[in-house]
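The primary structure of each chain is shown beneath.
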Amino acid sequence: MSQVLKEVITANQEYVSGFDKGDLPMPPGRHFAILTCMDARLDPAKYAGLAEGDAHVIRNAGGRASDDAIRSLVISYKLLGTREWFVIHHTDCGMETFTDEIMRDLLCSSLKTASVDASGWHDCCEGPGSSEGKYIDWLTITDQAQSVTEDVVRIKTHPLVPGNIPVYGYIYDVKSGKLIEVPEATAAGKAD
């Protein structure tokens, strides 16, 4: 058993010993959802003041409005009653450190973990690799405010998203913990 697995199992046993959340309803109590990045430095429960059962938190690389993220948001609204959504990207995001082409080249070379230094990303070149990465839009980021706005617009204009749901756009500052509004995104995300 790996050290990480042992730590997770031990933590879960401690959690279970004081568990008192078994009666929480399935719909989120505060009726909103957050789409944000999977970055381990982000704790939406803390930066948005959440407790278990308060909100849906959908996470992926970059907090992007991918097809799957929109699928989750639509389920969140249609079946579980959320009425407001947030798109929250963050400063110092890893999705700003590469392009689709870089990712595709790295995957073609090897499936092992790549490294990065001042000159860019490098692969260990210990194949095998795969060309399947060429068929994925990696949704990389070149400008945080622009990507937040793009994602809010994509969500708001999606044919499965009702116009009465406001979508707010923010950037989380990893150095201060502050949520910084992206006014263009929030304006684009206004409810009809």
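Description of the structure in this document. (Residues numbered from 1 in each chain as written. Predicted model: local features only at pLDDT ≥ 70, side-chain atom pairs only at ≥ 80, totals over all residues. Heavy atoms only, no water.)

### Quick notes on the environment of methionine 95
The criterion, for reference: A run of H or I in DSSP counts as a helix once it spans at least four residues, and a run of E counts as a strand once it spans at least two, with each numbered from the N terminus. Burial classes follow relative accessibility: with a 1.4 Å probe on protein chains only, a residue under 20% of its type's maximum area counts as buried, one over 50% as exposed, and anything between as partly exposed. Pairs of residues are marked as contacts when any of their non-hydrogen atoms sit within 4.5 Å.
When you line up the elements, methionine 95 lands in the loop between strand S3 (84-90) and helix H4 (100-109). A residue is classified by how much of its surface remains accessible, and methionine 95, at 8% relative accessible area, is buried. Discounting chain neighbours no more than four positions away, the residues touching methionine 95 are Ala61, Gly62, Trp138, Leu139, Thr140 and Ile141.

### A closer look at the nonpolar core
This is how it is decided: We define a nonpolar core as any set of buried Ala, Val, Leu, Ile, Met, Phe, Trp, Tyr and Cys residues linked to one another through side-chain atoms lying within 4.5 Å.
Counting 19 residues, the largest nonpolar core has Leu35, Trp85, Val87, Val148 and Ile155 as its most contacted members. When contributions to this core are tallied by element, the ones reaching two or more residues are strand S1 (32-37), helix H3 (67-78), S3, helix H5 (144-156) and strand S6 (167-172). In terms of residue count, the dominant contributor to this core is H3 (four residues). Membership of the second largest hydrophobic core comes to 16 residues, among which are Ile34, Cys37, Leu50 and Met95.

### Some remarks on the side chain of serine 147
Selection criterion: Identification of polar contacts relies on pairs of N or O atoms within 3.5 Å, with a donor-acceptor requirement for protein atoms, meaning one able to donate a hydrogen and the other able to accept it, and with residues adjacent in sequence counted only if both atoms are side-chain atoms.
Here serine 147 is to be found in helix H5. Side chain to side chain, serine 147 and histidine 89 meet in a polar contact 2.9 Å long. Those residues in contact with serine 147 that sit more than four places away from it in its chain are Arg64, His89 and Ile141.

### Section: the side chain of aspartate 39
Residue placement: aspartate 39 occurs in the loop between S1 and helix H2 (44-47). Within the local environment of aspartate 39, its side chain forms a polar contact with the side chain of arginine 41, the two groups lying 2.7 Å apart. In this structure aspartate 39 touches Arg59 and His90, once residues within four positions along its chain are discounted.

### Overview of the packing of aromatic side chains
Condition: Stacked, tilted and edge-to-face are the three classes assigned to paired rings of Phe, Tyr and Trp, where Trp is represented by its six-membered ring and a pair needs centres within 6.5 Å; plane angles under 30 degrees give stacked, over 60 edge-to-face, the rest tilted.
All chains considered together, the criterion is met by five aromatic pairs. With a centroid separation of 5.3 Å and 65° between ring planes, the pair formed by tyrosine 15 and phenylalanine 19 is classed as edge-to-face. Given the relative accessible area of 42%, tyrosine 15 is considered partly exposed. Phenylalanine 19 sits in the partly exposed class, given a relative accessible area of 41%. In textbook terms, an aromatic cluster arises when at least three aromatic residues are bridged by ring pairs, as seen for Phe32, Phe86, Tyr168 and Tyr170.

### So, the pattern of salt bridges
Where side chains of opposite charge bring their charged atoms close, a pairing between them can arise. Note the threshold: Any Lys or Arg side-chain nitrogen located within 4 Å of an Asp or Glu carboxyl oxygen qualifies as a salt bridge.
For the coordinates displayed, the defined rule picks out eleven salt bridges. For glutamate 52, the salt bridge identified is with lysine 21, shortest N-O distance 3.9 Å. Of the two residues, glutamate 52 sits in the loop between H2 and strand S2 (55-60) while lysine 21 sits in the loop between helix H1 (3-17) and S1, which places them 31 residues apart along the sequence. Using a relative accessible area of 41% as the deciding quantity, one classes glutamate 52 as partly exposed. Here aspartate 43 makes a salt bridge to lysine 46, at a shortest N to O gap of 3.9 Å. Judged by its relative accessible area of 69%, lysine 46 falls in the exposed class. Through salt bridges with shared partners, a single network forms among Asp20, Lys21 and Glu52.

### Observations concerning the sheet that holds strand S7 (residues 179-181)
Remark on secondary structure: sheet strands pair via backbone hydrogen bonds, oriented parallel or antiparallel. To keep things clear, this is the line we draw: The pairing criterion for strands is at least two bridges between them, as found by DSSP. Helix axes use the C-alpha atoms of the stretch in contact, all axes being lines fitted to C-alpha atoms, and the angles between their N-to-C directions lie in the range 0 to 180 degrees.
Taken in spatial order, the five strands make up an open sheet running S2-S1-S3-S6-S7, and their pairing is mixed. At either end of the open sheet lies a strand with only one pairing partner, and these are S2 and S7. Direction aside, the axes of adjacent strands within the sheet are offset by 30° on average. Where S1 and S2 come together, six bridges link them in parallel fashion. When the sheet's bridge partners are listed, threonine 36 is paired in S2 with arginine 59. Packing of H3 onto the sheet brings it into contact with S1, S2 and S3, and relative to S2 it is tilted by some 175°.

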